[in-house]
Amino acid sequence: MSSHSISIVGSVALDTIETPFDRRKNLIGGSATYATVSAGRSSPVYPVGVVGNDFPQEGFEIFRKYSADLSDFQVVSGSTFRWGGKYDHTMDNRETLFTELGVYETFSPILSQKCRNSDYLFLSNIHPALQLSVMGQMEESPVVIVDTMNLWIETAEEQLFEVIKGCDIILINDSEAELLSGQMSLEKAAEIILKLGPEKVIIKKGSKGCVLFSDKNVISVGIFPVKNVVDTTGAGDTFGGGYVTGLASGLGETESLILGSALASACVEDFGVQALLSLKNEELIHRQIIIRDSVSS
Ligand code: AMP
């Protein structure tokens, strides 16, 4: 499958995760990591991110395997971004225990030419100021897909609005959509968010799938039922990476959503990116077939 290129900006992190059953420290995580592992299976991906000199070898190996070029992946002296999250028994709800920006605090990348010329730009979850800076350096009017989180809606709303205004597609989860729009109903929230600028809004509903809203249509896509959900961290970023690689590879809208959902289902089966790294293509195709049955439009 040939594909257009995708630049991905976001966090590259060391995560500490607590679930009702287990706890893991310093897992390779971050929004850009999940998105790169997901999209890098089938598209040339250029990750834009920074790590400190404490970033483990295992992390570099993951990025080497799933990226087409690492010119925009910096290693500097200091601490890698660290995030801690704690899940309740539903595994859909979590609280942030800590966020330590580390080397992201001063990260202000000047993009390589390759990255500037890419066809798709995935601004995965990170401070909107960084998203804006990367967006402003693109030279070939890429398709821009944006993800965000409640923290930025609460602390950097103005910059976030600017990002949303300049993007083509926004990915957001249901509670963030409510926070951003002030509306409880997904339809009303989508209507308000569409008015901010994007052509499409995709609302992620965790274990209940996702819905895409645009002026033209509404597409609802379900999930692949996972028997044992271990860790849902990164499911949204993995979904985003899968959706973007679908678009970049020429799949239609619905098939791209299905691919995102299938990859996200693998993500939640183990801690960190572990299950994604071992996901076989046959299994991915099987999951896409099952999810296809849940589509309504
Ligand atoms: P998700 O579960 O899809 O929301 O993504 C979780 C990932 O996002 C984790 O690997 C975290 O390292 C990363 N993350 C958490 N908080 C932030 C933040 N404020 N900015 C960027 N990335 C974050």
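Structure first, text after, so check above.
Quick summary incoming for the structure in this document. (Residues numbered from 1 in each chain as written. Predicted model: local features only at pLDDT ≥ 70, side-chain atom pairs only at ≥ 80, totals over all residues. Heavy atoms only, no water.)

Once that is clear, we can look at the overall build of the protein. Each helix and strand in the protein was counted, giving 12 helices and 13 strands. Against the compact-globule benchmark of 19 Å for 297 residues, the protein has a radius of gyration of 17 Å, which places it among compact chains. Judged by the C-alpha coordinates and their principal axes, the protein covers about 50 × 45 × 40 Å. Counting only residues that meet the buried cut, the protein has 55% of its 297 residues in that class. (Helix = DSSP H or I, 4+ residues; strand = E, 2+ residues; numbered from the N terminus. Rg over C-alpha atoms; globule rule 2.2 N^0.38 Å. Buried < 20%, exposed > 50% of the residue type's maximum accessible area, 1.4 Å probe, protein only.)

Further remarks concern the sheet that holds strand β3 (residues 23-29). Reading across the sheet, the 4 strands line up as β3-β2-β6-β7 and stay open at both edges, with mixed pairing between neighbours. Both outer strands of the open sheet, β3 and β7 (94-100), are each paired with one neighbouring strand and no more. Averaged over neighbouring strand pairs, the angle between their axes works out to 20 degrees when direction is ignored. Summarising the sheet, strand β6 (residues 81-87) and β7 pair through 6 bridges and their orientation is antiparallel. (Pairing = 2+ DSSP bridges. Axes fitted to C-alpha atoms, helices over the stretch in contact; angles between N-to-C directions.)

Simply put, the disulfide is a covalent bond whose two ends are the sulfur atoms of two cysteines. One pass over the full model with this rule turns up 0 disulfides. Left without a disulfide partner, C167 is nearest to the cysteine sulfur of C210, which lies 16 Å away. Overall, the relative accessible area of 5% leaves C167 in the buried class. No disulfide involves C210; its sulfur sits 15 Å from the nearest other cysteine sulfur, which is in C267. On the basis of relative accessible area, C210 is assigned to the buried category, the value being 3%. (Disulfide = S-S within 2.5 Å.)

Across the 5 residues that make up strand β9 (residues 143-147), a large majority, 4, are buried. In this sheet, β9 lies alongside strand β8 (residues 120-123) in parallel orientation, the contact comprising 4 bridges. Across the sheet, the residue bridging to L123 is V146, located in β9. One crossover worth recording links β8 to the parallel β9 by way of helix α4 (residues 128-137), and it is right-handed. (Right-handed = clockwise from strand over helix to strand, strands pointing away.)

Moving on to the side chain of S43. Structurally, the position occupied by S43 is in the loop between α1 (31-39) and β4 (45-51). Take S43: its relative accessible area is 7%, and that puts it in the buried class. Excluding anything up to four places from it in sequence, S43 contacts S3, H4, I6, T245, A248 and S249. (Contact = heavy atoms within 4.5 Å.)

Bringing the sheet that holds strand β11 (residues 200-204) into the picture now. Within the open sheet, the 9 strands sit side by side as β5-β4-β1-β8-β9-β10-β11-β12-β13. Their pairing is mixed. If you trace the sheet from one side to the other, it starts and ends with β5 (73-75) and β13 (218-221), each paired once. Each adjacent strand pair in this sheet contributes to an overall mean axis angle of 15 degrees, direction not counted. Bridge analysis of strand β1 (residues 6-9) against β4 gives 4 bridges, and the strand direction is parallel. Bridge pairing in β4 places I8 opposite P47.

Turning to its location among the elements, I28 is positioned in strand β3. In sequence terms I28 and V45 are 17 residues apart; their C-alpha atoms lie 18 Å from each other.

Once that is clear, we can look at the site of the ligand. Neighbouring the ligand are 21 residues; S11, D15, G30, G234 and D237 lie closest to it. A distance of 2.7 Å separates a nitrogen atom of the ligand from a polar atom in the side chain of S11. Notes on the ligand: free accessible area 510 Å², of which the protein chains cover 93%. Those elements giving two or more residues to the shell around the ligand turn out to be β2 (13-18), α1, β6, α5 (150-155) and α9 (235-248). Ranked by the residues each element gives to the shell around the ligand, the list is headed by α9, at 3 residues. (Near = heavy atom within 4 Å. Polar contact = N/O pair within 3.5 Å; in protein donor to acceptor, adjacent residues only side chain to side chain. Areas by Shrake-Rupley, 256 points an atom, 1.4 Å probe, with all protein chains shown as cover.)

This part takes up unusual backbone geometry. The backbone of M91 shows a phi angle near 65 degrees, a positive value even though the residue is not glycine. Given a relative accessible area of 4%, M91 falls into the buried group. If you check the backbone angles, S141 has positive phi at about 40 degrees while not being a glycine. Note on placement: S141 falls in the loop between α4 and β9. What makes S141 exposed here is its relative accessible area of 69%.

Keep in mind that these numbers describe shape and distance, not what the molecule does.
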